[in-house]
Amino acid sequence: MAGMGPAPKPDGRKARRNKDAIPQTVLRWEHAEAPELPEFRIERDGGLVEFVWPERTREWWQTWIDSPQSDHFGTSDWQYLLDTALIHARLWRGDLSAAGELRLRVAAFGATPADRARLRMVFAEADGADGGSGRSGGPSARERYGAAKLRSLPGGKSSTGDE
């Protein structure tokens, strides 16, 4: 019956749910080398003293430099990670309030398996473990059953009720 339900939207207001609301911006990719952890001074007790990076932060920084993700870091990524190193240093100096911010920041770079899954990152070794064939090594379904023709099994019922 006509007239039941909501009226259709005007053509100019229709939108697909899977359409991107904001168009994607394509950037020029630039590879950037990791900077060294900088030397600088901080104010302490009314004077300037040399900041000393905790050894654990130096190890953490080297882990990021050696990580597979770093092949895709640009200059701004390294700068953000450098600021994150300061938060890491705060945590390792006993400031536990830095833990939440540190976790949020390293998640953006794929620090844990869950972060990498959310960011849709996979390791090339796992992706190419099948030699690029897309197979597990055994015969494919087409190889196993490709030449076989469909046939009914004994005792099966037909759609017409004939047996």
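Keep in mind the model is a prediction, meaning the values are calculated, not measured.

(A) The arrangement of unusual backbone geometry in detail. Positive phi, close to 55°, is recorded for D45, a residue that is not glycine. Looking at the element boundaries, D45 is found in the loop between β1 (41-44) and β2 (47-50). Notably, R120 is not glycine yet its phi reads approximately 60°, a positive angle. Among the structural elements, R120 can be located in the loop between α4 (113-118) and α5 (124-127).

(B) Spotlight on helix α1 (residues 55-66). Spanning twelve residues, α1 covers 17 Å between terminal C-alpha atoms, matching the ideal 16 Å at 1.5 Å per step. Within α1 the residues assigned to the buried category are T57, W60, W61 and W64. Projection of α1 onto a plane perpendicular to its axis shows the buried side chains occupying an angular sector of 100°, all on one side. Counted as exposed and oriented over 90 degrees from the buried face of α1: E55, T63 and D66.

(C) Molecular detail of the nonpolar core. Judged by nonpolar contacts, the single largest core of 18 residues is most densely connected at W60, W61, W64 and L81. Contributions of two or more residues to this core are made by α1, α2 (75-92) and α3 (99-107). Ranked by residues supplied to this core, first place goes to α2 with six residues. The contacts of L81, once residues within four sequence positions are left out, are W60, W61, W64, F73 and F109.

(D) View of the pairing of β2. The pairing of β1 with β2 spans four bridges and is antiparallel. By the bridge assignment for β2, R41 is matched with E50. The antiparallel hairpin formed by β1 and β2 contains two residues in its connecting segment, where D45 sits at a positive phi of about 55°.

(E) Structural view of the layout of surface pockets. Approximately 290 Å³ is the volume found for the largest pocket. Taken together, 14 residues make up the lining of the largest pocket; nearest its centre are P68, Q69, H72, M121 and V122. A class-by-class count of the residues in the lining of the largest pocket yields eight nonpolar, two polar and four charged. The calculated volume of the second largest pocket comes to roughly 230 Å³. Lining the second largest pocket are 14 residues, and of these R56, W60, T63, W64 and A111 sit closest to its centre. The set of elements that each furnish at least two residues to the lining of the second largest pocket consists of α1, α2 and α3.

(F) The arrangement of the packing of aromatic side chains in detail. Counting across every chain of the model gives eleven aromatic pairs. Between F40 and W53 the ring centres are 6.0 Å apart and the planes differ by 75°, which places this aromatic pair in the edge-to-face class. Residue F40 is located in the segment before β1, and its partner W53 is located in the loop between β2 and α1; the two are separated by 13 residues in the primary sequence. With a relative accessible area of 25%, F40 lands in the partly exposed category. Consider the rings of W64 and F109, whose centres lie 5.9 Å apart with planes at 65°: the pair is edge-to-face. Here F109 lies in the loop between α3 and α4 and W64 lies in helix α1, a separation of 45 residues in the sequence. Here W64 falls in the buried class, since its relative accessible area comes to 6%. Linked through ring pairs, W60, W61, W64, F73, W78, Y80 and F109 together constitute an aromatic cluster. Lying across the ring of Y80, R105 places its NZ or CZ 4.2 Å from the centre.

Analysis parameters
Residues numbered from 1 in each chain as written. Predicted model: local features only at pLDDT ≥ 70, side-chain atom pairs only at ≥ 80, totals over all residues. Heavy atoms only, no water. Helix = DSSP H or I, 4+ residues; strand = E, 2+ residues; numbered from the N terminus. Expected span 1.5 Å × (residues − 1). Buried < 20%, exposed > 50% of the residue type's maximum accessible area, 1.4 Å probe, protein only. Arc of directions from axis to C-beta. Core = buried A, V, L, I, M, F, W, Y, C linked by side-chain atoms within 4.5 Å. Contact = heavy atoms within 4.5 Å. Pairing = 2+ DSSP bridges. 1 Å grid on protein atoms, 1.4 Å probe; cavity = no way out; pocket = protein on both sides within 12 Å on 5 of 7 lines; lining within 4 Å. Points joined across faces, edges and corners; volume = space filled by probe spheres on them. Nonpolar A, V, L, I, M, F, W, Y, C, P; charged D, E, K, R; others polar. Phe/Tyr/Trp six-rings, centres within 6.5 Å; stacked < 30°, edge-to-face > 60°. Lys NZ or Arg CZ within 6 Å of the ring centre and 35° of its normal.

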